[in-house]
Every structure is written in structure tokens, then in C-alpha cells.
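# Descriptive analysis of the structure
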Amino acid sequence: MLEIRNVVKTYAKNVRAVDDVSLNLQAGVVGLIGHNGAGKTSLMQMIATLTRPTSGQILFDGVDIVARPEAIRARLGFLPQDFGVYPNLTALEFLQYFAALKGVRDPARLRRLLEMVNLHEHADRQAAGFSGGMRRRLGIAQALLNDPDVLIVDEPTAGLDPEERLRFRHLLSEIGFRKLVIVSTHIVSDIENMAGHLAIMNKGKLVGYDTPDSFVREARSQMWSATVDPQHYDRLRAQVRVLQAQRNAHGIHLRIAHPSSPCDGALPAEPTLEEALMTQRYAVQEGAQQGAQVQAA
Ligand SMILES: Nc1ncnc2c1ncn2[C@@H]1O[C@H](COP(=O)(O)OP(=O)(O)OP(=O)(O)O)[C@@H](O)[C@H]1O
């Protein structure tokens, strides 16, 4: 469906925001994960044809969308991170406005969309009084107006309360049953229970692409739990990657990423997805450091 081939994006002053990324994406939810500045937004903006790659190709159903952006625009929905609603318009008026811009002429569709995002009871309320979650959901309704095959959502749950987060994730998950939904985030729990695949970005590079289960499986031999005496904690922390430390009645309970048993009494532990991705990131960083040392030698 969407094929990204050796895409590079450089900005002024030689900032290489996206560095030779290749990905082949099919319908389902794909989580695009990476720290701030990893290149997620730059990549999504190129897929949305808002910017052009410095080099490389992006193909949608085999058509080069850099050369022919119209091939994807009519089939794309995009909810950017900083999407704002017009506070003086009601939810319905807001959708009517975007429907007119996008050439959508089916008034019943607007009502259906408001129902889908659970805003139908607020159709005639001004968006000024909406919570962050309601505004995000209105944003999604806007992005779905043209019944897109590809939906791109940047930082889906920024500013939402826990209940709104759950609802919003559920909504994206359902859309992913039939469409390609690309969700960019640095919060693993945002995509944990909905993404079929995760694409991990670090400093512009794609450093991993796999199913969440595979990332967890990969990290399984490296996760340990141990309870240590507080006086041993600092020494241990200097030697191994401590992912979590929690004081309890018996000492300090630790979750540790390490290739072999990190200390006496350590037991193999099942990694969470977040721990698995942290373990993977350390492996990437260490690989890069070793590479740099080899180059310097
Ligand atoms: N228009 C621009 N001009 C110059 N540099 C830019 C521009 N947009 C992004 N960058 C730089 O490119 C790199 C990647 O930024 P990008 O916003 O794509 O990352 P991100 O993973 O989406 O980060 P965030 O989670 O903070 O949105 C960063 O170093 C950023 O400062």
C-alpha cells in the first residue's frame, strides 16, 4: 500500500532529520516511535505530501507521490500534533466547513462521523467549551471526512486525560481494522495495545521495524528482576542498565536490562513492551558507539 524507499530529508545547516528510511506498510495500525527530534514528524509530513524528500521515493499503491501528490491527497487523512479547532463554530459547523473544503457533499456523513467519534450529542455546541479529548476527536472526524485509506495521527494523546486517552486509542484501533493508520508518538502505552507493527526511529534512522511481540521476545533473554540492599544499589547502577527501581520492605526492587545475570539473586523477568524498546534502544546506542570507536581507531 505505502512504500517508503531510501527517503532522506535534510533541512538547512545539514540537519539530517530523516536518514535513508525504507518501509513497506500495509493496512493496520503502525506505531512510529522515537524521542523528540527523532524525525517522526518530518517523515509523516513527507507521506502527507506537505513537504518533499531531499531524496528517495514514496509510493502509494505503486504511484510515486513525490511526483504525483494528488495520487494520495484525496485518500489521506491527517491529524497534526497542533491541530486547532475554531472555537466559535459548533462541532457540526466545523465539519461542514471542512467538508466544503474537501468537496464532501453528503450531509448524513457528517452526522455519522460525529457519532463515530462519540460527539453526536455535542453536535450543536461550540468547540470553545470542548475538552482536549473532544477537540482531538473532532480533529479525527475532520481527518476521516473523505473516508481516507491512510490516516496519519501525530502525537495522538498529547494533553488528554486518562479516560480520553483510552477512548481515543480505541477509536484509532477500530479505524485500523480496515485502513492504514500511522500513529506517531514517544509514549509507548499510546500504541501498545493497538499497533500491529512498530517502526522505531532514532536520530533520523529507522532502527527497528517489527511486531510488538517480536520486540518483547527479542528482549526476553536480557530482562532481570532483583531485590538488592540499598547500600549496594549505587554500585550496581553504575555497572548495569537499571530500568526501574522501587523501594519496598525488603530493599530496592530493580528491573534490569543486561545480557547475563546482573547480580546475585537476579531472576529472569518478562519484559514489558516499554522495557523491550528501551533495551533495543540501548543496544542501538551501544552499537553506534562501538561503530564510532572503530572509525576513530
Ligand atoms: N523546518 C525545519 N527546519 C530545520 N530543522 C528542522 C525542521 N523541522 C524539524 N527539524 C529538525 O529535524 C529533526 C527532526 O525533527 P522532527 O520534528 O521530524 O522529529 P520528531 O521525532 O517529530 O520530534 P517531536 O516528537 O519533537 O515532534 C530535529 O533535529 C528538528 O530540530
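Looking at an unreviewed UniProt entry, one finds the protein named ABC transporter ATP-binding protein, with Duganella aceris as its source organism. In its Sequence similarities (unreviewed entry) section, the UniProt entry covering the protein states "Belongs to the ABC transporter superfamily."

## Concerning the packing of helix α3 (residues 91-102) against helix α5 (residues 132-143)
Contact pair α3 / α5: the axes reach a minimum separation of 10 Å and the direction vectors enclose 30°. Taken as axis vectors, α3 and α5 run roughly parallel relative to one another. Of the two elements, α3 crosses α5, and the hand of that crossing is right-handed. Between α3 and α5, the contacting residues are A91, F94, L95 and F98 on the first element and L138, A141 and Q142 on the second. A per-class count over the contact of α3 with α5 returns 6 nonpolar, 1 polar and no charged.

## Overview of unusual backbone geometry
With a phi angle near 60°, K13 is a residue other than glycine that sits in the positive phi range. For K13, the position within the fold is in the loop between β1 (2-11) and β2 (15-25). Residue classification places K13 among the exposed residues on the basis of 5 C-beta atoms within 10 Å. Here D61, not a glycine, exhibits a phi torsion of approximately 45°, which is positive. In this fold, D61 is placed in the loop between β4 (55-60) and β5 (63-64).

## Concerning the site of the ligand
With respect to spatial proximity, 13 residues lie near the ligand, and among them Y11, A17, N36, T41 and S42 are the closest. The set of elements that each furnish at least two residues to the shell around the ligand consists of β2 and α1 (40-47). Sorting elements by how many residues they give to the shell around the ligand places α1 first, with 3 residues. Of the residues that constitute the shell around the ligand, the class distribution is 5 nonpolar, 7 polar and 1 charged.

## With respect to the UniProt feature "domain: ABC transporter" (unreviewed entry) in the protein
UniProt's feature table lists "domain: ABC transporter" (unreviewed entry) at residues 2-228, given in the numbering used throughout. Span residues 2-228 is 32% helix and 30% strand, its end C-alpha atoms 49 Å apart.

## A look at the nonpolar core
By size, the foremost hydrophobic cluster in this structure holds 76 residues, and its most contacted members are L114, A141, I152, L172, V181 and V183. The element that contributes the greatest number of residues to this core is α5, accounting for 5 residues. Three or more residues apiece are contributed to this core by two domains, here domain 1 (2-210) and domain 2 (217-296). For L114, the contacting residues outside a window of four places in its chain are A91, L92, L95, L119, H120, A123 and A141.

## Things to note about the packing of α5 against helix α6 (residues 162-175)
Look at α5 against α6: their axes get within 10 Å of each other, and the N-to-C directions meet at 15°. On the basis of their axis angle, the class for α5 and α6 is roughly parallel. Note that α5 runs across α6; the crossing there is right-handed. Residues G132, G133, R136, R137 and I140 of α5 pack against E164, R167, F168 and L171 of α6. Residue classes in the contact of α5 with α6 are distributed as 3 nonpolar, 2 polar and 4 charged.

## With respect to the pairing of strand β7 (residues 150-154)
Counting buried residues in β7 gives 5 out of 5 residues, a clear majority hidden from the surface. Residues V150, I152 and D154 of β7 are buried on one face, and the alternating residues L151 and V153, pointing to the opposite face, are buried as well. Where strand β6 (residues 76-79) lies against β7, 4 bridges are found, and the strand directions are parallel. Looking across to β7, one finds that L79 is bridged to V153. Of the pairings in the sheet, the one linking β7 to strand β8 (residues 180-185) comprises 5 bridges and is parallel in character. Counted as the bridge partner of I152 is I182 from β8. On the question of chirality, the crossover connecting β7 to the parallel β8 by way of α6 is right-handed.

Each value, and the rule that gives it
Residues numbered from 1 in each chain as written. Predicted model: local features only at pLDDT ≥ 70, side-chain atom pairs only at ≥ 80, totals over all residues. UniProt positions renumbered as here; feature names shortened; annotations may be inferred. Axes fitted to C-alpha atoms, helices over the stretch in contact; angles between N-to-C directions. Helix = DSSP H or I, 4+ residues; strand = E, 2+ residues; numbered from the N terminus. Parallel < 35°, antiparallel > 145°, perpendicular 65-115°, else oblique. Left-handed = near helix turned anticlockwise from the far one by under 90°. Contact = placed C-beta atoms within 7 Å. Nonpolar A, V, L, I, M, F, W, Y, C, P; charged D, E, K, R; others polar. Buried ≥ 20, exposed ≤ 12 C-beta atoms within 10 Å, placed from the backbone. Near = placed C-beta within 6 Å. Core = buried A, V, L, I, M, F, W, Y, C linked by C-beta atoms within 7 Å. Domains from an automatic or database assignment. Pairing = 2+ DSSP bridges. Right-handed = clockwise from strand over helix to strand, strands pointing away.

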